[in-house]
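Breakdown of the fold
Here is how the chains run, residue by residue.
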Amino acid sequence: MAAEQRESSGSPESTTVVVIGAGPAGLTVAALLRSCGIDCVVLERRSRAYVGQRQRAGIVESRAVRMFASWGLADLVLGGPPHDGILEFRVDGESRLVDDRDGSEGPGARLCPQQVLVQKLTAACLADGGDLRYEAADVSVHGLTGDRPTVRYRSADGTPHTITCDFVAGCDGDHGVTRAAVPDGVLTAHAHDHGIGWLTVLADAPPPAHPLLAVSRQGFAAHFPRGPHSSRYYLQCPPDDRPDAWPDDRVRDALRTRLGDPALVTGPITDRETFRLRSLVHDPMQYGRLFLVGDAAHIVSPMGGKGMNLALYDADLFARAVRDHVRDHDDTGLRTYSRRCLRRVWNDQEFSHWLTRTVHDAGDDTGSGPFLRELARARLDRLFTSPTAAQAFAELMTGLDPA
């Protein structure tokens, strides 16, 4: 019987870690724990098919590649094509190439869309005997400040289940049940609305030679690879815009204008959605024996590609902390988990905010005004002309580790 189908409906089960959520964060936690012989159960409210096709981030930065390699799991990400380290900025149609490699040795960033990484992590966990349970309904957590928390849920057929554990990893995103289980007043939420909307479009279209960020008075646009024959595009739009305000012809016209490429081949559009750019950090990232991982603890605006990568680093620190507790009876990693994660989170939040403001303020100055527009243009000019500024940018894009 497949590991994802093994469930007991009798007396309470017991495991070391219950991981709630089977996205990149939860599956990475499970894969790392399994690699050092620590048992865990992964609960996911969606189906395996649904989780495996969600399309979000596209680049695993080099710091994360090195992290997987340190656990002996580099093949999970090294199978994808390498990111060549070149990022194109196109300002009013003029192309400027920036090298975002920081000069460190070892494997570099990989083009690995989220759904591909999730599929690889899922296969690796199941091949290793991992316990993945999909379509888990009514998940609830109890006794987080005691010695043995309890997690309850119902399987797809309605059967109730109870699992006791040493730790709970909350990997179920911004609207999941784990963070909601923390009493009011324990966590401080630091939220910021950038006042910017994006239309994101997935299309069967040739990918760009390099990831492309375009700045123009018509608004920001971007073009990223999502496979050998598909592309993801982004278009700045009003924060409350709806996808139906962007029919195919309008999307194509805006892309060709903002990207400065009248001959752009956009291909059939397969998906589109709009969202507001926002940032959010919850402090602390742990409560009792609950540890928040990834989007359950923080949301980063998409600029810089930090969201999924931060989730991978949280997973790394949590898995190492549990390993040290189980193997060496050392709780240092557990006690310092939140502090160490948040130092990295705020570092990446700052970079993402800087890049977000720069590429948006430098273009359409309707909201920011001409003064901030000229400041943003000066920052871009410094990036293009100063080797020191370019090196600092490369370190942050690559994944500078402040911990």
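Since this is a predicted model, take the numbers as computed values, not measurements. (Residues numbered from 1 in each chain as written. Predicted model: local features only at pLDDT ≥ 70, side-chain atom pairs only at ≥ 80, totals over all residues. Heavy atoms only, no water.)

A short note on the sheet that holds strand S12 (residues 167–170)
The mixed open sheet is built from six strands, whose spatial order is S8-S3-S2-S12-S19-S18. Whereas interior strands pair on both sides, the edge strands pair on one side only; in this sheet they are strand S8 (131–133) and strand S18 (286–287). In this sheet, strand S19 (residues 290–292) lies alongside S12 in parallel orientation, the contact comprising three bridges. Looking at the pairing, Val-168 lines up with Leu-290 of S19. (Pairing = 2+ DSSP bridges. Helix = DSSP H or I, 4+ residues; strand = E, 2+ residues; numbered from the N terminus.)

Notes on helix H11 (residues 387–398)
With 12 residues, H11 extends 16 Å between its outermost C-alpha atoms, agreeing within 8% with the 16 Å of an ideal straight helix rising 1.5 Å per residue. Every buried residue of H11 is listed here: Phe-393, Ala-394, Leu-396, Met-397 and Thr-398. On its buried side, H11 packs onto helix H3 (62–70), strand S5 (86–91), strand S6 (94–99), helix H9 (332–361) and helix H10 (369–385). Backbone geometry just after H11 places Gly-399 at a positive phi near 120°. (Expected span 1.5 Å × (residues − 1). Buried < 20%, exposed > 50% of the residue type's maximum accessible area, 1.4 Å probe, protein only. Contact = heavy atoms within 4.5 Å.)

Describing the packing of helix H1 (residues 24–35) against helix H8 (residues 307–328)
Taken N-terminus to C-terminus, the directions of H1 and H8 make an angle of 30°; their axes are 9 Å apart at the nearest point. As far as their axial angle goes, H8 and H1 are roughly parallel. The element H1 and its partner H8 pack so that their crossing is right-handed. Only Met-308, Ala-311, Leu-312, Ala-315, Asp-316, Phe-318, Ala-319 and Val-322 of H8 make contact with H1, whose side of the interface consists of Pro-24, Ala-25, Thr-28, Val-29, Leu-32 and Leu-33. Each residue belonging to the contact of H1 with H8 can be placed in one class, and the counts come to 12 nonpolar, one polar and one charged. (Axes fitted to C-alpha atoms, helices over the stretch in contact; angles between N-to-C directions. Parallel < 35°, antiparallel > 145°, perpendicular 65-115°, else oblique. Left-handed = near helix turned anticlockwise from the far one by under 90°. Nonpolar A, V, L, I, M, F, W, Y, C, P; charged D, E, K, R; others polar.)

Some points on the confidence of the model for the protein chain
Of all residues in the protein chain, 91% attain a pLDDT of 70 or more, and the chain-wide mean is 91. Long-range and interchain partners of residues 1–8, a stretch whose pLDDT sits below 50, account for 22 contacts in this model, where long-range means more than four residues apart. (pLDDT = per-residue confidence, 0-100.)

Digging into the sheet that holds strand S9 (residues 137–142)
Within a sheet, neighbouring strands are paired by backbone hydrogen bonds and run either parallel or antiparallel to one another. One open sheet accounts for four strands, arranged S1-S11-S10-S9; its pairing is mixed. Edge strands, defined here as strands with exactly one partner in the open sheet, are strand S1 (13–14) and S9.

Comments concerning the pairing of strand S3 (residues 40–43)
With burial as the criterion, each face of S3 is covered, one bearing Cys-40 and Val-42 and the other bearing Val-41 and Leu-43. The pairing of strand S2 (residues 17–20) with S3 spans four bridges and is parallel. Looking across to S3, one finds that Val-18 is bridged to Val-41. Bridge count for S3 against S8 is three bridges, and the pairing is parallel. Residue Val-41 lies in a different strand from S8, and its bridge partner there is Asp-131.

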